[in-house]
Amino acid sequence: MWRFLSRGRYHSAMQSKAKTVEQYLAELPEDRRKAINAVREVILKNLDKSGYEEGMGYGMISYHIPHRIYPAGYHCDPSMPVPYAGLASQKNYMSVYLMSIYGDGETWFRDEWAKTGKKKPDMGKCCVRFKSIDDIPLELIGRAIKS
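Please read these numbers as outputs of a predicted model, since none were measured by experiment.

Basis of the calculations
Residues numbered from 1 in each chain as written. Predicted model: local features only at pLDDT ≥ 70, side-chain atom pairs only at ≥ 80, totals over all residues. Heavy atoms only, no water. Helix = DSSP H or I, 4+ residues; strand = E, 2+ residues; numbered from the N terminus. Rg over C-alpha atoms; globule rule 2.2 N^0.38 Å. Contact = heavy atoms within 4.5 Å. Areas by Shrake-Rupley, 256 points an atom, 1.4 Å probe, with all protein chains shown as cover. Lys, Arg positive; Asp, Glu negative; His and termini not counted. Charge placed at Lys NZ, Arg CZ, Asp CG, Glu CD. Axes fitted to C-alpha atoms, helices over the stretch in contact; angles between N-to-C directions. Left-handed = near helix turned anticlockwise from the far one by under 90°. Nonpolar A, V, L, I, M, F, W, Y, C, P; charged D, E, K, R; others polar. Core = buried A, V, L, I, M, F, W, Y, C linked by side-chain atoms within 4.5 Å. Buried < 20%, exposed > 50% of the residue type's maximum accessible area, 1.4 Å probe, protein only.

Draft legend 1. A look at the overall build of the chain. Check the secondary structure of the chain and you find four helices and eight strands. Listing every helix and strand of the chain by position from the N terminus yields β-β-α-α-β-β-β-β-α-β-β-α. By the compact-globule yardstick of 15 Å for 147 residues, the chain fits well, its C-alpha radius of gyration being 15 Å. Within the chain, counting contacts between residues at least 6 apart in sequence, those at least 24 apart form 48% of the total. Accessible surface for the chain amounts to roughly 8,700 Å². Of this, 54% is attributable to carbon and sulfur atoms. Here the chain carries 23 positive and 17 negative side-chain charges, and the mean point of each set is 5 Å from the other.

Shown next as structure tokens:
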């Protein structure tokens, strides 16, 4: 699958066909599984349990508002629950998708990232790309999820 990026560029996105989070994790090489699990633990620890669920969506691990809470679903595809966060292993990197930093939240997130001493974040509109778990500040990811 090809996705359009800004400035006329395209990149390929690897989407898993896994039906469960466990299947998704089992598909990953050990080093990626370890990194994805570390971020997943932070997300699950900080996610509001009363309003969000973990599952699969868009070929990745998804954290979303289920239809039992918001029956209308995601406006682009009402059959899908409203996404809040996501976690994926792509071809050349891993990504954590944080809808809470889309738009105005990105400034806060970048400012807080700078305080961590980690290298500059590799970010899209709502995603943070990383090649190693050491590349991202897990505590900040937890704060973004909690926000």
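Draft legend 2. Local environment of the side chain of glutamate 112. With respect to the helices, strands and loops of the structure, glutamate 112 is situated in helix 3 (residues 105–114). Other than its neighbours up to four places away in sequence, glutamate 112 contacts Leu140 and Arg143.

Draft legend 3. Structural view of the packing of helix 2 (residues 30–46) against helix 4 (residues 138–146). Two numbers describe how helix 2 lies on helix 4: the axes approach to 8 Å, and their chain directions differ by 35 degrees. Taken as a pair, helix 2 and helix 4 cross one another with a handedness that is right-handed. Across from Val39, Val42, Ile43 and Asn46 in helix 2, the residues of helix 4 making contact are Leu138, Ile141, Gly142, Ile145 and Lys146. In terms of residue class, the contact of helix 2 with helix 4 is built from six nonpolar, two polar and one charged.

Draft legend 4. Quick look at the nonpolar core. Of all hydrophobic cores here, the largest spans 35 residues; its most connected members are Val96, Leu98, Phe109 and Val128. Elements with a contribution of two residues or more to this core: helix 1 (21–27), helix 2, strand 4 (60–65), strand 5 (82–89), strand 6 (94–98), helix 3, strand 8 (127–130) and helix 4. The dominant element in this core, judged by the number of residues it contributes, is helix 2, at five residues. Excluding residues that lie within four positions of it along the chain, leucine 98 makes contacts with Tyr84, Phe109, Cys126, Val128, Ile141, Ala144 and Ile145.

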